[in-house]
Amino acid sequence: MYILGIESSCDETAAAIVEDGKHLISNVISTSVKEQALYGGVVPEIASRRHAESISGVVREALEKANCTMDDIDAVAVTYAPGLIGALLVGVNFAKGLAFASGTPLVPVHHLRGHIASNYISSDVKPPFLCLVVSGGHSHIVAVNDYTDFEIIGKTRDDAAGEALDKAGRTMGLAYPGGISIDKISKQGDENAFKFPHPKVTGSKYDFSFSGLKTSVINTVHNAKQKGEEINVADLAASFQKSVVDCLIQNLEKAGVDKNFKKIVIAGGVSANSKLRREAEKLCKKHNWQLYLPELKYCGDNAAMIASQGYYEFISGVTADESLNAYATMAIDKPYEKQN
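The following paragraphs examine the structure supplied in this document. Owing to the predicted nature of the structure, the values given are computational and were not obtained by experimental measurement. (Residues numbered from 1 in each chain as written. Predicted model: local features only at pLDDT ≥ 70, side-chain atom pairs only at ≥ 80, totals over all residues. Heavy atoms only, no water.)

**A closer look at the packing of helix α5 (residues 161-171) against helix α7 (residues 211-227)**
Stage number 1. Two numbers describe how α5 lies on α7: the axes approach to 9 Å, and their chain directions differ by 5°. In terms of their interaxial angle, α5 and α7 are classed as roughly parallel. Together, E163, A164, K167, A168 and T171 of α5 and K214, V217, I218, V221, H222 and K225 of α7 make up the contact between the two elements.
Stage number 2. A per-class count over the contact of α5 with α7 returns five nonpolar, two polar and four charged. (Axes fitted to C-alpha atoms, helices over the stretch in contact; angles between N-to-C directions. Helix = DSSP H or I, 4+ residues; strand = E, 2+ residues; numbered from the N terminus. Parallel < 35°, antiparallel > 145°, perpendicular 65-115°, else oblique. Contact = heavy atoms within 4.5 Å. Nonpolar A, V, L, I, M, F, W, Y, C, P; charged D, E, K, R; others polar.)

**A short note on the pattern of salt bridges**
Stage number 1. According to the stated counting rule, one finds 17 salt bridges in the structure shown.
Stage number 2. Between E35 and R50 there is a salt bridge; the shortest N-O distance is 2.8 Å. Taken together, the positions of E35 in helix α1 (residues 33-37) and R50 in helix α2 (residues 44-65) put the pair 15 residues apart, joining distant regions of the chain.
Stage number 3. By relative accessible area, E35 is classed as partly exposed at 24%.
Stage number 4. According to the relative accessible area criterion, R50 is partly exposed, its value standing at 24%.
Stage number 5. Across the pair E163 and K167 runs a salt bridge whose closest N-O atoms are separated by 2.8 Å. Of the two residues, E163 and K167 both sit in helix α5, four residues apart, roughly one turn of that helix. (Salt bridge = Lys/Arg side-chain N within 4 Å of Asp/Glu carboxyl O. Buried < 20%, exposed > 50% of the residue type's maximum accessible area, 1.4 Å probe, protein only.)

**Considering the environment of L283**
Stage number 1. Assignment of secondary structure puts L283 in helix α9 (residues 274-287).
Stage number 2. Judged by its relative accessible area of 5%, L283 falls in the buried class.
Stage number 3. Along the sequence, L283 and E19 sit 264 residues apart, while their C-alpha atoms lie 33 Å from each other.

Rendered as structure tokens:
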């Protein structure tokens, strides 16, 4: 079964074809990241315009690279939530037009479910498992009971880990995206040079909070500037990254032990972070858990993961009609419901 996936939730316009949820046939990505870097972050209006300019060509290229036509495609899967609303609408509307013009079923896919599915392409992992989903907009601990059955165990109460890393990197004067720059320069620094808090939240021992941690590093930089003091950026970056990763790993460990999971999966853009990958490996070795990590090329936003998850949604009976809309926010455990 061939699924055409379309992704446009942020600043990557992507299309891919995946066979039976696991076998990549083609994967094409057009990104506006260099243009967004001029502004130090994603400008939604610019992202939306670039999607509109690129999406037709990207989908055509994915089909050509797979040596396919729409007659070979069993379903069109598209990211409908969550993300930048203008960006999502470009992908959703293009997918609706393509699906209905070709008489192909349309499958709505949750972006975070897609990130988790990147592991199905990268490895032989099968549910049930416990997944840490970390990206620029989301930080979740999710019990994946089945391919379309998700239970939120913990989540951030405020900022996401990826957002905290990106904004900290910008404050340090590092190149955009800040999280990637922090990871690179941290290899040259002392991660114990600065002490940052490990925020705790009331109500759930599995939830995260990164707002105070982000504020702490911003204040550290601003206070040093006001006093005319030099900061070793590599040390600061390494110390901040350590605090973020420690928070993620500590809560993941609590959830894994309490819920008695033996398989641990990491997903999302921040799953490419080298410190997080090392600490996850140490954690799983400590508990004799199996660890699954997506290949680096599938960590960021891509359409292969959407096509993969789209396959499992489709065979479970999830399809949409012309009423499909895009949503800036949507819980990962909320089943898709057709609108009236």
